[in-house]
Structures are given as C-alpha cells and as structure tokens.
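Overview (structure and organization)
Here are the chains, one letter per residue:
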Amino acid sequence: MIPQTTLEKLRSVVGKENVLDSPEDKIAYSYDGTPLLQQLPDAAIIPRSVDHISQILRLANEEGFAVVPRGSGSGLSGGSIPVDNSVVLLMNHWNRILEIDQKNLTVWVEPGVITANLHSTVEALGLLYPPDPGSAAICSIGGNVAENAGGLRGLKYGVTKNYVLGLEVVLPNGDVVVTGGKSMKDVAGYSLKDFLIGSEGTLGIITRVLLRLIPKPQASRTMLAYFDKMSDAAETVSDIIAAKITPAALEFLDNTTIRCVEEYAKLGLPTHVESLLLIEVDGRKAEVEEDGEKVVGLCKKHHSLDVRVAATEQEAIQLRTARKAAFSALARVRPTTILEDATVPRSEVASMLERIKSISSKYNLTFGNFGHAGDGNLHPTCLTDERDKDEIDRAMRAIEEIFLEAVRFGGTITGEHGVGLAKRKFLEQTMSEPALEMMRKIKDALDPNRVLNPGKIFKLRPRCEGPMPTNREQIKKFLEMGAYT
Ligand SMILES: Cc1cc2nc3c(=O)[nH]c(=O)nc-3n(C[C@H](O)[C@H](O)[C@H](O)COP(=O)(O)OP(=O)(O)OC[C@H]3O[C@@H](n4cnc5c(N)ncnc54)[C@H](O)[C@@H]3O)c2cc1C
C-alpha cells in the first residue's frame, strides 16, 4: 500500500485533480483486455507534462512504489494491469497529432493518439500509416509502440517497428531521452529506439513518437473466398505467395468463427464452409486488376466454393467486417474469451490448426480460430466461463500445449500481443536461460529499483517450477512424455 504521505507528494507534482484514487477509479484501471487478470492500483495519475513524468519516476525511486504506464487498456497480455504498490500512469490524455511533414512523410504524435484517428487524418492527405491492429478504433499509438503491434496489413507493410523513426522517452530514473529522427538512415551507436519498441512499458515511458508515412495506394481490391477444407485455404495462401503476389491482407476464419460472425453481423456468409479467406490486394490500378484476377484464379484452382469480390468501397468495408468482427462475435458466445496469438511459419498454418483442433477436443473445449494467415499469426480463441474452475483449468492446459506446439513448429508464443503478465511463464519455458538473463540485465541496468512496470515480460527472479524445456528437442520430448496429458 502506498502511504498517504507519498500520495500527497504525487498530488503536489501533478495537482490533486490529476490523482484519481476513489474506489471507482481504482476499479476502472484495475484491468485491461486480458481475461482472468485484475489488480487494484493505489491510484491512477494523469501527468500533464514530461517534467511531471520525470518527477513521478524520481519519487518512485525514492519512496519505493511502482509505475504502470497505460494507453487505452486494450492489451491482451496484461501489460497495463497494476502490480503491488503501484500507480497507473494514464497516457491516453496525451492525444495530439503534433506535426505532419509532407516533405519528409513523417508525423510526430503524442502516445495517446488513437490509431484509427491517425489513419483517417493522414488518409485525408493521400497518405497511409499502415499498421492496422484489429483494435485500431480504441488502441493508442503509445500502446502500439510498447507492444510492437501488428495487424491486418502486416504481411505487405510490416508492423509498428517498421514505421517508428524516433521516440521521446522518460527512463525509469526520470531522465529524458530523444532517440532517432527524420533521417531515413541513422546508424550512430546502438539503435535505442528499436530497443525500446516492444519493451511493454518496462524500460521507459513514451511521451512522443515520430512515425514514417507512405503514399496511400492508388487502388485496392477486396475479396472473400470460401473453402470446404482448411488445407485448400492453406494451399491457396502458399500459392498466392509463390506467385509473387503480396496482398495487403491475407486473413482466415475457421468454421466456428464464421458461424459466430454471421450470427452477429449478418453479412450473408455461408455457415457450412470450413474456412474463409479475406484477401486484399492494393497498389497501382493496373497491378491491382492483374493481381486480383490471379488471386481469384488461384482460389478456384484450390476448389474455392465461391469468391466474392467487392465492387465498391462500401462493399469492401462489409467484406472486411467478416474478419474485423471476429473477436467481438466470438466474445458473445461465452462469458470469458481467452484470445491467444501463437505464431508459426506460414507453411505450418494448416498443420498447426489441425493440432489446435485435436488439443481442443482432448480437453473438451470450444476454440474459434482466426488470424493473419499470411503471417502465420493465429488467434486460437477459447470460449469459456471463468466461474467454471474445471473448464478454466482445462483451458490453461490446452493453451500451454498450443504454445509448446507453436514453438515445436518453429514459431513463437506471441506474434503481436506481447508477453506481459499472461505469457511470462511460457517465455521462461521457451526461451533459453542466457537470452532471459540478457533481458534481466538490461532491465536491471536501466531500472535497478524496479519501479517501471515490474514483473512484466519475465519474473524478476528466475523461478523454476517443474521441468523447464529450453529448446525444441526438449519440448518435443516433453510433449512425447505426455507431460501435459
Ligand atoms: C478486439 C481486439 C483486437 C486486437 N487486435 C490486435 C491486432 O490485430 N494486432 C495487435 O498487435 N494487437 C491487437 N490487440 C491488442 C492491443 O490492442 C494492442 O496490444 C495495442 O497495441 C495496445 O494498445 P493500448 O493503447 O490499448 O495499450 P495498453 O493496453 O494500455 O498497454 C499495453 C502495453 O503498453 C504499455 N504502454 C502503453 N502506453 C505506454 C506509453 N506511453 N509508454 C510506455 N509504455 C506504454 C503498457 O504499460 C502495456 O505494457 C487487440 C485487442 C483487442 C481487444
């Protein structure tokens, strides 16, 4: 519990109206988008300047409390959930687009800018900020940088880190660092910005972000293709890539997800099909027409039952809804929705989905699967009820098995949602000890008093419970031993 005397000092830094510590405020900032995780903070603080943040962090070091940065709280790995003795730092109030530079194609933003607001602002100028998380309407740029968020356009355009040119960050000791800039090339010293991207609020508080923009593509074509077999959809994905076409979006839904989306959004989707691909090609008009026709041909070659091609932008928005509504549609089915993001090499998507299917029936659970087929980034989503302890226990074991399988296929436990609190146990199981030690040393060097989002990504001290496989061979053996049966 943070003493009242310390809260008084915080009030004198930011003003008493910016320290929120009523019971309602504490509940409001006790959770994010991650199910099953919640903890009350001692207070939520709204800093109004970079200097406020420096002072808060210096006070945290002197008085021994933790600071948890928070953007929109849409994270799915518990990154902004309070820890013991902590205040939550609300960065969503920092929501100004500061400068759009059309000569250098850059934009300076504050971290609380909502991603979709940045999209619409720059698109009105004929520009594009490509990273497009499914949560774009609610998540913040600061949260995107801290998680290195991906999204629907990741296959062609990359993820957040590919667009961050510079950052202003307050370090755990209160020092302010500006790293990067408008130069497209910069190899002076360690690339500090790359080191901070994806650090999940554990190494610094982002106060300004310089992003790269690109010209908005001239044209696009959006399609939905339906398949009776998941393997046909997977073959189509491989053939599109082999044909040297890189779609802006190449997304899939499985049958459970299609049925839920149709019930929720009434888009006229066929509910009997095993799989659906959302494919979008963009670029110059002639190129889009040519690629669009090739894609339709490849879908047909792999026994697609039908390919719906949007004739207007309005129709394209409707087809994209099939994918964008996936999470919301699944979340209506049961009270607790556990959305994961196991990721495998693209060529292993169909085999991984088969494994998820058999793991889900082994544990008698319902999973809906959707995700970024082109990136191999799957979102197996367990539909469950946290009041049923036995079901939750089975869900946890199933998810653990799914992660180990993903690693066995040469993939990873998270493609875009980060580790946070929810996956740190798995990080410890799947990453080698020297690599973990390197991360702990970086954290200790920058934050020796562990004031900034402590305990996220990895436990502060290594703790081994039970067998801990550290490489693919051991994981394989582990599974063969039936350690999870
Ligand atoms: C329906 C839905 C769909 C989603 N789809 C996607 C998707 O397609 N791709 C994807 O990558 N993610 C997706 N997400 C996950 C989530 O939206 C992203 O991780 C997003 O980047 C989080 O942003 P946020 O502003 O909500 O951050 P928060 O949840 O508030 O915080 C996330 C992390 O960032 C840190 N942080 C926040 N602001 C700062 C700051 N200013 N300085 C330092 N650290 C900070 C926090 O401490 C925390 O560790 C989805 C979530 C939902 C609910």
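Residues numbered from 1 in each chain as written. Predicted model: local features only at pLDDT ≥ 70, side-chain atom pairs only at ≥ 80, totals over all residues. Heavy atoms only, no water.

Inspection of the secondary structure puts Lys443 in helix H16 (residues 433–446). Not counting residues within four places of it along the chain, the set of residues in contact with Lys443 comprises Thr202, Leu203, Pro448, Leu452 and Phe458. (Helix = DSSP H or I, 4+ residues; strand = E, 2+ residues; numbered from the N terminus. Contact = heavy atoms within 4.5 Å.)

With respect to topology, 5 strands assemble into an open sheet ordered S5-S6-S10-S8-S9, the strand pairing being antiparallel. Two strands bound the open sheet, and with one partner strand each, they are strand S5 (97–101) and strand S9 (176–180). This sheet shows a mean twist of 10° between the axes of neighbouring strands, independent of strand direction. With 4 bridges joining them, S5 and strand S6 (residues 106–109) adopt antiparallel strand pairing. Bridge pairing links Glu99 to Trp108 in S6. In this fold helix H3 (residues 50–63) packs onto strand S8 (164–170), S9 and strand S10 (205–212), with an angle of close to 55° to the strand it touches most, S8. Of the strands in this sheet, S5, S6 and S10 are in contact with helix H4 (residues 115–123), which crosses S5 at around 35°. (Pairing = 2+ DSSP bridges. Axes fitted to C-alpha atoms, helices over the stretch in contact; angles between N-to-C directions.)

Moving on: the domain arrangement of the protein chain. The domains assigned to the protein chain are domain 1 (4–90), domain 2 (97–215), domain 3 (219–329) and domain 4 (334–480). Averaged C-alpha coordinates put domain 3 and domain 4 at centres separated by 28 Å. Contact residues are listed per partner, giving 15 residues for domain 3 and 17 residues for domain 4. Regarding the contact of domain 3 and domain 4, the summed buried area is about 1,300 Å², with carbon and sulfur atoms giving 68% of it. Per-residue buried area on domain 3 facing domain 4 is highest for Phe252, Arg323 and Phe327; these three make up 38% of the total on that side. Counting across the domain 3 and domain 4 interface gives 1 salt bridge. Linking Lys357 and Glu274 is a salt bridge whose minimum nitrogen-to-oxygen distance equals 3.9 Å. Put simply, domain 3 and domain 4 have 6 residue pairs in polar contact (both at pLDDT 80 or more) between them. The set of elements that each furnish at least two residues to the side of domain 3 that touches domain 4 consists of helix H8 (230–242), strand S13 (249–254), helix H9 (255–265) and helix H12 (326–331). Here the residues of the side of domain 3 that touches domain 4 are counted per class, giving 9 nonpolar, 2 polar and 4 charged. (Domains from an automatic or database assignment. Buried area = accessible area lost by both parts, 1.4 Å probe. Salt bridge = Lys/Arg side-chain N within 4 Å of Asp/Glu carboxyl O. Polar contact = N/O pair within 3.5 Å; in protein donor to acceptor, adjacent residues only side chain to side chain. Nonpolar A, V, L, I, M, F, W, Y, C, P; charged D, E, K, R; others polar.)

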